[in-house]
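Chain by chain, the residues:
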2 protein chains.
Amino acid sequence: MRKNPLTLLLLAGIFTVFTGMVLYAQDAREPVVRGLFATLPDEAPVPDDNLMTAEKVELGKMLYFEPRLSASGVISCHTCHNLSLGGTDRLPTSLGHNFQTGGRNAPTVLNAAFFNLQFWDGRANGLEAQAQGPIQAGVEMAMPADLAVSTIADIEGYQPYFEAAFPGEENPITFENIAKAIASFERTLITPDDALDQYLRGDESALSDDAKRGMEVVAQVGCLACHNGPMLSLGTLISFRHGNDVGAAKVTGEEADEYLFRIATWRNVSLTAPYFHDGSAATLEDAVRTMASVQLNRTLTDDEVKYIVAFLSSLEGDIPEVTIPELPAD
Amino acid sequence: MRKNPLTLLLLAGIFTVFTGMVLYAQDAREPVVRGLFATLPDEAPVPDDNLMTAEKVELGKMLYFEPRLSASGVISCHTCHNLSLGGTDRLPTSLGHNFQTGGRNAPTVLNAAFFNLQFWDGRANGLEAQAQGPIQAGVEMAMPADLAVSTIADIEGYQPYFEAAFPGEENPITFENIAKAIASFERTLITPDDALDQYLRGDESALSDDAKRGMEVVAQVGCLACHNGPMLSLGTLISFRHGNDVGAAKVTGEEADEYLFRIATWRNVSLTAPYFHDGSAATLEDAVRTMASVQLNRTLTDDEVKYIVAFLSSLEGDIPEVTIPELPAD
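Source: prediction; values computed, not measured.

Cut-offs and rules
- Throughout, residues of each chain are indexed from 1 in the direction in which the sequence is written.
- Lettering for chains starts from A, numbering for ligands starts from 1, and both go in the order in which the items are written.
- Reporting in this predicted model follows two pLDDT cut-offs: at least 70 for local features of residues, and 80 or more for side-chain atom pairs to be given and counted; totals over whole chains, interfaces and linings ignore these cut-offs and use all residues.
- Secondary structure counts use DSSP, requiring at least four H or I residues in a row for a helix and at least two E residues in a row for a strand, with both numbered from the N terminus.
- Remark: residues whose backbone-derived C-beta atoms lie within 7 Å of one another are considered to be in contact.
- Domain limits in this description derive from either an automatic procedure or a database domain assignment.
- All residues other than Ala, Val, Leu, Ile, Met, Phe, Trp, Tyr, Cys, Pro, Asp, Glu, Lys and Arg, Gly among them, are scored as polar; the first ten of these are nonpolar and the last four charged.
- We place the copies in one frame by least squares, fitting the C-alpha atoms of every residue whose pLDDT is at least 70 in both.
- Burial is judged by counting other C-beta atoms within 10 Å of a residue's own C-beta: 20 or more means buried, 12 or fewer means exposed, and anything between counts as partly exposed, with every C-beta placed from the backbone.
- Expected span of a helix, by definition, is 1.5 Å for each gap between consecutive residues, and there is one gap fewer than residues.
- Lines fitted to C-alpha atoms define the axes, with helix axes restricted to the stretch in contact, and inter-axis angles between N-to-C directions lie between 0 and 180 degrees.
- A clockwise turn of the near helix away from the far one marks a right-handed crossing, whereas an anticlockwise turn of less than a right angle marks a left-handed crossing.
- Nonpolar cores are built from buried Ala, Val, Leu, Ile, Met, Phe, Trp, Tyr and Cys residues. These are joined into a set through C-beta atoms within 7 Å.
- The predictor rates its confidence in each residue with pLDDT, a number between 0 and 100.

## Focus: the overall build of chain A
Part 1: Each helix and strand counted, chain A has 12 helices and 4 strands in total.
Part 2: A separation threshold of at least 6 residues defines the contact pool for chain A, and within that pool the share at least 24 residues apart is 68%.

## Concerning the domain arrangement of chain A
Residue and element names in this part refer to chain A.
Part 1: With domains assigned, chain A is organised as domain 1 (34-40 + 192-312) and domain 2 (54-186).
Part 2: Here the C-alpha centroids of domain 1 and domain 2 sit 27 Å apart.
Part 3: Each partner contributes to the interface: domain 1 provides 26 residues, whereas domain 2 provides 20 residues.
Part 4: For the side of domain 1 that touches domain 2, the leading source of residues is strand β4 (residues 260-262), giving 3 residues.
Part 5: Each residue belonging to the side of domain 1 that touches domain 2 can be placed in one class, and the counts come to 12 nonpolar, 9 polar and 5 charged.

## Regarding the relation of the copies chain A and chain B
Part 1: Superposing chain A onto chain B takes a rotation of 180 degrees plus a shift of 0.0 Å along the axis, which leaves an RMSD of 0.0 Å. Such a combination of turn and shift is consistent with a two-fold rotation axis. Of every C-alpha in chain A, the one belonging to A:Thr323 sits nearest the axis of rotation, 2.0 Å from it.
Part 2: Mapped onto chain B, 100% of the interface residues of chain A are again interface residues, and the two copies thus contact each other with one and the same surface.

## Concerning the interface of chain A and chain B
Part 1: Contacts between the two partners involve 27 residues from chain A and, on the opposite side, 27 residues from chain B.
Part 2: Residues of the side of chain A that touches chain B, tallied by class, amount to 15 nonpolar, 7 polar and 5 charged.

## Remarks on unusual backbone geometry
Part 1: A cis amide bond links A:Ala273 with the next residue in sequence, A:Pro274, at an omega value of -5 degrees.
Part 2: Examined against the element boundaries, A:Pro274 turns out to sit in the loop between β4 and α11 (284-296).
Part 3: Not every positive phi belongs to a glycine, and A:Asp193 is a case in point at roughly 65 degrees.
Part 4: Within the secondary structure layout, A:Asp193 lies in the loop between α7 (175-186) and α8 (195-200).
Part 5: Phi at B:Asn111 is positive, roughly 65 degrees, even though this residue is not glycine.
Part 6: When you line up the elements, B:Asn111 lands in the loop between α3 (77-80) and β1 (117-118).
Part 7: The class for B:Asn111 is buried, based on 24 C-beta atoms found within 10 Å.

## With respect to α7(A)
Part 1: Here α7(A) spans 17 Å end to end across 12 residues, near enough to the 16 Å set by a 1.5 Å rise per residue.
Part 2: Every buried residue belonging to α7(A) is among A:Asn177, A:Ile178, A:Ala179, A:Lys180, A:Ala181, A:Ile182, A:Ala183, A:Ser184, A:Phe185 and A:Glu186, and all of these are buried.

## Digging into the environment of A:Gly157
All names here are of chain A.
Part 1: Relative to the elements of secondary structure, Gly157 occurs in the loop between α5 (145-154) and α6 (159-165).
Part 2: Sequence-wise, Gly157 and Leu327 are 170 residues apart; in three dimensions their C-alpha atoms are separated by 8.3 Å.
Part 3: When near neighbours in sequence (up to four residues on either side) are disregarded, Gly157 contacts Pro328 and Ala329.

## Quick word on the packing of helix α4 (residues 126-136) of chain B against helix α7 (residues 175-186) of chain B
The relative placement of two packed helices comes down to the angle between their axes together with the axis-to-axis distance.
Residue and element names in this part refer to chain B.
Part 1: Two elements in contact, α4 and α7, have axes whose closest approach is 8 Å; the angle formed by their N-to-C orientations is 120 degrees. Relative to α7, the crossing made by α4 is right-handed. Across the interface between the two elements, Leu127, Glu128, Ala131 and Gln132 from α4 touch Phe175, Ala179, Lys180, Ile182, Ala183 and Glu186 from α7.

## Some details on the nonpolar core
Part 1: In terms of nonpolar packing, the biggest core is built from 89 residues, with A:Leu63, A:Ile182, B:Leu63 and B:Ile182 touching the most fellow members.
Part 2: Here A:Leu63 is in contact with A:Leu69, A:Ile178, A:Ala181 and A:Ile182, once residues within four sequence places are set aside.

## Overview of the packing of α11(A) against helix α12 (residues 302-312) of chain A
Residues and elements named next belong to chain A.
Part 1: With their axes 10 Å apart at the nearest point, α11 and α12 run at an angle of 115 degrees to one another. Relative to α12, α11 is oriented so that their crossing is right-handed. Two secondary-structure elements touch here, α11 through Leu284, Glu285, Val288 and Arg289 and α12 through Val305, Ile308, Val309 and Leu312.
Part 2: In terms of residue class, the contact of α11 with α12 is made up of 6 nonpolar, no polar and 2 charged.

## Let's talk about the environment of A:Val74
Part 1: Residue placement: A:Val74 occurs in the loop between α2 (54-64) and α3 (77-80).
Part 2: The exposure class of A:Val74 is buried, given the 23 C-beta atoms found within 10 Å.
Part 3: Setting aside anything within four residues of it in sequence, one finds A:Val74 in contact with A:Pro67, B:Thr79, B:Asp89, B:Leu91 and B:Leu95.

## Focus on the confidence of the model for chain A
Part 1: In the predicted model, chain A carries a mean pLDDT of 93, and the fraction of residues at 70 or more is 90%.
Part 2: Both scores are available for the predicted complex, with the pTM at 0.90 and the ipTM at 0.89.

## Quick look at the environment of A:Asp302
Part 1: Secondary-structure assignment places A:Asp302 in helix α12.
Part 2: The spacing of A:Asp302 and A:Glu285 is 17 residues in sequence and 9.4 Å in space, taken between C-alpha atoms.

This is the structure we're talking about:
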């Protein structure tokens, strides 16, 4: 075969394009290769003392939507952790009993099952402990635990559901079991298969070019130091000095805990504006700029922000389809 | 064949039992025969200027669950007309913006599509007019109409849903269209096939004996004068002097309208305690006794109350299964 200059030029061109593609792909996959990303598991971890059963999940769903667990009779878990709104209320800070606010932004319930520390200040370990908080908090549902139990126990229709969820227990309607059932339902609120996970499983086209660049930028800039792993959050507390809220120190009173807040997940983050513990960042752009500035002492370029936001926006997973439960009459 | 006395006695006995059964069945069916009962249609009437489409129903469902239609961002139609709770909030009187109350009990949204007059005082004609009220009411969602429209229009994700629901309209995001879509969704909230309807369709065993007696009692006592037809309510206003609320006169200022309230439906009534426009009757028993006393000047016996309540409790239809809609991000 005769090799004319045009053929050589064509071959050289193809070689250059191919090499460029390989190098680009390597760049984009670099944090992947370093193991900083991981797909979200299909199932959440389950504690030994609260195994999941279909009956417990069903009861938990009822209780999650149960406004009679609040003093007013209108506020349920779902009021602030609304599955229509990415598992949050999309308010800067939540409104509870008598329209009071505790001054914190409602974290999403979606994938919360993958966190050990719960609440912005990490004051609860596990979903069971978390679920007991807002029911009793005066600015949230404002329902004392014993009144919550007697209210539910007085609704006769709940008895068979508790018996099925907690078989063999003589008196299954307890505050602990209410929380256990709610936690079990929450463990079903997993959002797998977002664009990042599709990409990590081998579908290179799942992420846009901008999102792939964003994936590089968050690695280069340093975001991934805290935002990594399946939740794109270590799930631990980190110092974040922003506003007057002293975070974990509010609970412990310890100076060492001042301004410690749980690292927020990036999964579904584009669904859950506004951002931060005080909801002070209205948009993802705001949040990205502020975090880079406050945490990494870095001013991002407009392009960097654009790429990061494109990446963060590709983290919307499959929201589970939830039918509205029928709750027993009084 | 030799007819011995025992055979004759047996035949006489069988005849007596059979006659008794026929007479009893006739008694029980007597109001049925008089046409006072009718099955609930499977579909609600649809106005010519708001035809139902799947797209309109889908959008309407989103807006029904949309808390951003309220000034606070936490109250939606579903807050007070909760499909988990028989289409009501099961409160004596509803809590709205800033936990204010308008002093009236939330009527159920279930089968509301079969009523022309809406609200306890009948001040709106049709679901479209009704849906516009609570969004704007200061004690409910407290959202001025123009602000409701601009809020929804600012959520980009809504645009394609409005275009699909109102094809060909240049500017489909209007307050009227918001109400039209919500009304279309509400027309799907029909609860057919309760025990009465099964009975009316020929299944004699669908109603318990107590319920059948209750059906007779409500005919004898006079309840059916107002509570008849598919909704077991004429759907019109009737004088009901109970408490200080002057009903329709509050709106019209006319003395002739004092204490006029819409006749409540009996469909699903066992799901929607407490009762009356002011929620002052805690139980169905209370409500039945008070209505007989105030409206019919009659003191019911305990047995009569028991039978009526058994009948009213057999009016729980099939609640439609509703999945929670995903609402677009801001």
